[in-house]
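Close look at the chain arrangement
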Amino acid sequence: MKNNIALGASLMCANYLNLEHDIRLLEENGIDYLHFDVMDGHFVPNFGLNLDLLQKVRKITTLPINVHLMIEDASHYIDTFIDAGCNSLSFHHEANYHVQGLLQKIRDRKVKAGIALNPATSLSSLEYILNDLDFVLIMTVNPGFAGQPLIPATLEKIADLKRIIRAKKLAIDIQVDGNVSFENIPKMVQAGATMLVGGTSSLFLKDLSIPEAVQIVNNLL
Ligand code: DX5
Ligand code: ZN
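Quick summary incoming for the structure in this document. Keep in mind that this is a model prediction, so the values were computed, not measured.

Let us now look at the overall build of the protein. Counting its regular elements, the protein contains 7 helices and 8 strands. Here the C-alpha radius of gyration of the protein, 16 Å, is about what a compact globule of 221 residues would show, namely 17 Å. In terms of overall dimensions, the protein has C-alpha extents of about 45 × 35 × 30 Å along its principal axes. Of all 221 residues assigned to the protein, the portion counted as buried reaches 55%. Sequence-distant contacts, at least 24 apart, represent 62% of the contacts inside the protein between residues at least 6 apart. About 10300 Å² of surface is accessible on the protein, with carbon and sulfur atoms providing 52% of the total. Here the protein carries 18 positive and 24 negative side-chain charges, and the mean point of each set is 7 Å from the other.

So, about helix α4 (residues 99–108). Every buried residue of α4 is accounted for by Val99, Leu102, Leu103 and Ile106. All buried residues of α4 lie within an arc of 100° about the axis, which places them on one face of the element. Turning to α4, the residues buried within the fold contact α3 (78–83), β4 (88–92) and β5 (112–117). Positive phi shows up at Lys110, right after α4, with a value of about 65°.

Further remarks concern the side chain of Asn118. Within the secondary structure, Asn118 is located in the loop between β5 and β6 (135–139). On the basis of relative accessible area, Asn118 is assigned to the buried category, the value being 15%. A distance of 3.4 Å separates the side chain of Asn118 from the side chain of His92, its partner in a polar contact. Other than its neighbours up to four places away in sequence, Asn118 contacts Phe43, His92, Glu94, Met139, Pro143 and Lys157.

We now examine the nonpolar core. In terms of nonpolar packing, the biggest core is built from 73 residues, with Val67, Phe91 and Leu126 touching the most fellow members. The leading source of residues in this core is helix α5 (residues 153–167), at 5 residues. Apart from the residues lying within four places of it in its own chain, the contact partners of Val67 are Phe36, Val38, Leu54, Phe81, Cys86, Ser88, Leu89 and Ser90. Counting residues in each nonpolar core, the second largest holds 5 residues, with Ala6, Tyr33, Phe135 and Met195 among its members.

Gly147, Asp177, Asn179, Thr200 and Ser201 are the nearest of the 17 residues found near ligand 1. One of the backbone N or O atoms of Gly147 is found 2.7 Å from an oxygen atom in ligand 1. Measuring from an oxygen atom of ligand 1, one finds a side-chain N or O atom of Asp177 at 2.8 Å. Protein chains bury 100% of the 370 Å² of accessible surface belonging to ligand 1 in isolation. Classifying every residue of the shell around ligand 1 gives 7 nonpolar, 8 polar and 2 charged.

All right, on to the pattern of salt bridges then. Within this structure, the stated rule accounts for 9 salt bridges. For the salt bridge of Lys105 with Asp79, the shortest nitrogen-to-oxygen distance reads 3.4 Å. Linking Lys105 in helix α4 with Asp79 in helix α3, this pair joins segments that are 26 residues apart in sequence. On the basis of relative accessibility, which here comes to 30%, the residue Lys105 falls in the partly exposed class. According to the relative accessible area criterion, Asp79 is partly exposed, its value standing at 30%. Here the salt bridges share partners, and the residues they tie into one network are Asp79, Asp83, Lys105 and Arg109.

Analysis parameters
- Residues numbered from 1 in each chain as written.
- Chains lettered and ligands numbered in written order.
- Predicted model: local features only at pLDDT ≥ 70, side-chain atom pairs only at ≥ 80, totals over all residues.
- Heavy atoms only, no water.
- Helix = DSSP H or I, 4+ residues; strand = E, 2+ residues; numbered from the N terminus.
- Rg over C-alpha atoms; globule rule 2.2 N^0.38 Å.
- Buried < 20%, exposed > 50% of the residue type's maximum accessible area, 1.4 Å probe, protein only.
- Contact = heavy atoms within 4.5 Å.
- Areas by Shrake-Rupley, 256 points an atom, 1.4 Å probe, with all protein chains shown as cover.
- Lys, Arg positive; Asp, Glu negative; His and termini not counted.
- Charge placed at Lys NZ, Arg CZ, Asp CG, Glu CD.
- Arc of directions from axis to C-beta.
- Polar contact = N/O pair within 3.5 Å; in protein donor to acceptor, adjacent residues only side chain to side chain.
- Core = buried A, V, L, I, M, F, W, Y, C linked by side-chain atoms within 4.5 Å.
- Near = heavy atom within 4 Å.
- Nonpolar A, V, L, I, M, F, W, Y, C, P; charged D, E, K, R; others polar.
- Salt bridge = Lys/Arg side-chain N within 4 Å of Asp/Glu carboxyl O.

Written out as structure tokens, the structure reads:
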């Protein structure tokens, strides 16, 4: 954690064939949390990491695990993912009915509760759940795939959310996910992001090792 910015690593961008090795490197280099993307092939046109892998990863690391559910109707799976040992959990506003109740359910289990918003989803959807949130995940690309370019309007959205949080004196973190690159990190942080998700745009680059990449990010914070 540098200057109150938490740096997370997106496990879907790690080397699946040598995942434990990557996790050890992330631990040794001071990553703050692991970001764990779950996809159902419906809400997003892709499949992501699953429960079985989460249980296995939980056994080998004490790093906080932040689960991002990109699935339709997460209500049946909240307890299951918490039982598997995640420390914070977000689900999408667009894909769920009883959003307030689900946030409450997560907090009742002493896990940090977050809501994820697609780029097109308005911040007004947060108006009546602000007191139920520990963090908001602002998707800076459309969810589902690594390696996409940043959608510029999302930078404004981060800044708008920061203004709301400040005005209401709330303690809500702003997480950013998607094209969190060396170029975009300063803009995201400047706008108000406090939790970064490093994927193929920063921590898992082809010509840079994880320690080198973490060092570059730390110099930007
Ligand atoms: C999308 C995922 C990705 C992932 C990507 O649903 O959540 O955004 O972490 O990292 P980048 O955009 O850097 O490849
Ligand atoms: Zn994610």
